[in-house]
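Notes for the structure review
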Amino acid sequence: MFVVCRSGEIWRVPFSPEARKEDKVKVLDLRAVTLGFGDSGMMSLAFHPDFGVPDSPNRGYVYVFYQYVPQQPADTDPATPSYLRLSRFRIPDGETVLDPTSELVMIQQFDRHAWHTGGGMFFGPDRYLYLSLGDEGGSKDFYHSGQKINDRLFAGILRIDVDQDPSRSHTIRRKPAAIPVPAGWPESFTQGYSIPDDNPWLDKKGGVLEEFWSIGTRNPHSMCLDDETGEIIVADVGQDSREEITLARKGGNHEWPFMEGKMAGPAKKPAKHIGKAVPPIFDYPRAMGGCVIGGMVYRGTAHAGSLTGKYIFGDHSSRGIFALDRADDEQQDAEFLTSIPKGAGEKKALSGISEGPDGEPYFIELGEAGTDTGKILRLERTGPSVPEPPRLLSETGAFRDLKHLVASPVLLPYGVNSPLWTDGAVKNRWVAIPNDGTYDPDDEWVE
């Protein structure tokens, strides 16, 4: 597996609990040009859908999203400028590391603040690349980026065609708006991809940035795709009051900054906003945590039944790990599973959750700055597994013949002396008693 580090490194690690430190291999090192503090840094990696496919021109392509800086700052001031950068790298045939000289910069967006980078990224089943971006940083949408699709690439989810297939996408019509940058620094630009013809906001005259698939995010640090349902789930870090988890929609508006979770946000709600409002399916207050970390929908085997279909997420501040059940798409309470242990002198904070090759969730712990103290953790049950209750009557085993309501022989019929009126319904009653072999069902019941 590949591990992306905030500092600007990517490591390849054997997928084994017996792996040793000396077994890891550094496959990319961009520390010299990565702004790697706070919630900035190198954020994510995605392999092209054709990665490893023989004879495909895309077989070695890897996409990396990171915060690029032409020169490292003297301190860790949050107002440090940099660039949001999406780049394509290549792993040459027969090699195991990325070629740093192969970098093709596809998005270079000047960013005036080191916070609210975003960083969720994956290829969808449509082969398009999805990338979630924050609102440029600062407090309460300081730079007024949260509700714009005609200015710069912030505060939304982008959807682009890295294959540049002319049968289903077109060339970039509008570039990000230019704003002043530090002396000697490059301008923002986009290149090396095209715009899907079915993206929600298109303008042949170049009036909008057509990369946007949804808008109104604050700091979507985590975003995942449920391969079984095709749903995109975004964990968006809140401002002062709420953390939120949202099902992203094409043409949707996540409502920041006029909403924070399901509460009113710091800005006035516009009379008419872009896209369709998409409120979160779950939000939680500061009492539960202060920085949501997503996440994956569990489809594994180690915790089948108890966690299957649930969204696994955590919180950076509280170190808690939770499972969210979205039965019938209604908000449910999140079940607390466990927490990242806190040791003396160690930050022990959760920074990411990823699905391993075995389908199980792996929790990435943020180590102390300048050290290799971070760990990769997994879930292990401390008690017996408790299966989920059956959702259908036919799954209970209570009936030998459900069509004719013939009960299982292990059920004992009974009646009551004074049955209640229930709108004329006919009722049958049975009871099952745990039997260790000492109970005779023919015995009379006594008080």
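Note that the structure is a prediction, hence the values are computed from the model and not measured. Along each chain, the written sequence defines residue order, and numbers are assigned to residues from 1. Local features in this predicted model are restricted to residues of pLDDT 70 or higher, and side-chain atom pairs are both shown and tallied only at a pLDDT of 80 or more, whereas totals for entire chains, interfaces and linings draw on every residue. Water and hydrogen atoms were dropped before computing side-chain values, which therefore reflect all heavy atoms in the structure.

1. Observations regarding the side chain of arginine 159
Helix numbers and strand numbers start at the N terminus; a helix is a DSSP run of H or I with at least 4 residues, a strand a run of E with at least 2. Note on placement: arginine 159 falls in strand S10 (residues 156–160). Two N or O atoms count as a polar contact when they lie within 3.5 Å, although within protein this holds only if one can serve as hydrogen donor and the other as acceptor, and sequence-adjacent residues are included solely when both atoms are side-chain atoms. Separated by 3.0 Å, the side chains of arginine 159 and tyrosine 130 make a polar contact. Side chain to side chain, arginine 159 and aspartate 198 meet in a polar contact 2.9 Å long. Dropping the residues within four chain positions of it, arginine 159 is found in contact with Asp126, Tyr128, Leu129, Tyr130, Pro196, Asp198, Asn199, Glu211 and Trp213. Contact criterion: two residues are considered in contact whenever any of their non-hydrogen atoms come within 4.5 Å of each other.

2. Considerations on the sheet that holds strand S16 (residues 232–236)
The strands making up a sheet associate through backbone hydrogen bonding, with each pair oriented either parallel or antiparallel. The strand order across the open sheet formed by 4 strands is S15-S16-S17-S22, and the pairing between neighbours is antiparallel. With partners counted over all chains shown, the strands left at the sheet margins are strand S15 (222–225) and strand S22 (282–285), one partner each. On average, each strand axis in the sheet is inclined to that of its neighbour by 10°, with strand direction left out of account. Only when DSSP finds a minimum of two bridges between them are two strands counted as paired. For S16 and strand S17 (residues 242–248), the ladder comprises 5 bridges, and the chain directions are antiparallel. The partner of aspartate 236 across the bridge, within S17, is glutamate 244. Angles run from 0 to 180 degrees between N-to-C directions of axes, and those axes are lines fitted to C-alpha atoms, restricted for helices to the stretch in contact.

3. Looking at the sheet that holds strand S29 (residues 376–378)
Pairing is antiparallel across the open sheet formed by 3 strands, whose spatial order is S27-S28-S29. Only two strands of the sheet have a single neighbouring strand rather than two, namely strand S27 (349–355) and S29. Pairs of neighbouring strands in the sheet enclose a mean axial angle of 30°, with direction left out of account. In this structure, strand S28 (residues 361–366) lies alongside S29, joined through 3 bridges in antiparallel fashion. Of the residues in S29, the one forming a bridge with tyrosine 362 is arginine 378.

4. Brief notes about the packing of aromatic side chains
Only centres within 6.5 Å qualify two rings of Phe, Tyr or Trp (six-membered ring in Trp) as a pair; their planes then separate them into stacked at under 30 degrees, edge-to-face at over 60, and tilted for everything else. If you walk through the whole model with that rule in mind, you get 18 aromatic pairs. Centre to centre, the rings of phenylalanine 15 and tyrosine 362 are 5.5 Å apart; their planes meet at 75°, and the pair counts as edge-to-face. Taken together, the positions of phenylalanine 15 in the loop between strand S2 (9–12) and strand S3 (25–29) and tyrosine 362 in strand S28 put the pair 347 residues apart, joining distant regions of the chain. Residue phenylalanine 15 is classed as partly exposed on the basis of its relative accessible area of 34%. Burial classes: relative accessible area under 20% of the type maximum marks a residue as buried, over 50% as exposed, and values in between as partly exposed (1.4 Å probe, protein chains only). A relative accessible area of 11% means that tyrosine 362 is categorised as buried. For the ring pair phenylalanine 142 and tyrosine 143, a centre distance of 5.0 Å and an interplane angle of 85° mean the geometry is edge-to-face. Overall, the relative accessible area of 52% leaves phenylalanine 142 in the exposed class. Connected via pairs of aromatic rings, a cluster forms that spans Phe282, Tyr284, Tyr311, Phe313, Phe322 and Phe336. Note that lysine 24 overlies the ring of tryptophan 11, its terminal NZ or CZ placed 4.4 Å from the centroid. Geometrically, a charge over a ring is one whose NZ (Lys) or CZ (Arg) sits within 6 Å of the ring centre while staying within 35 degrees of the ring normal. Stacked on the ring of tyrosine 61, the Lys or Arg arginine 88 has its end atom at 3.9 Å from the ring centre.

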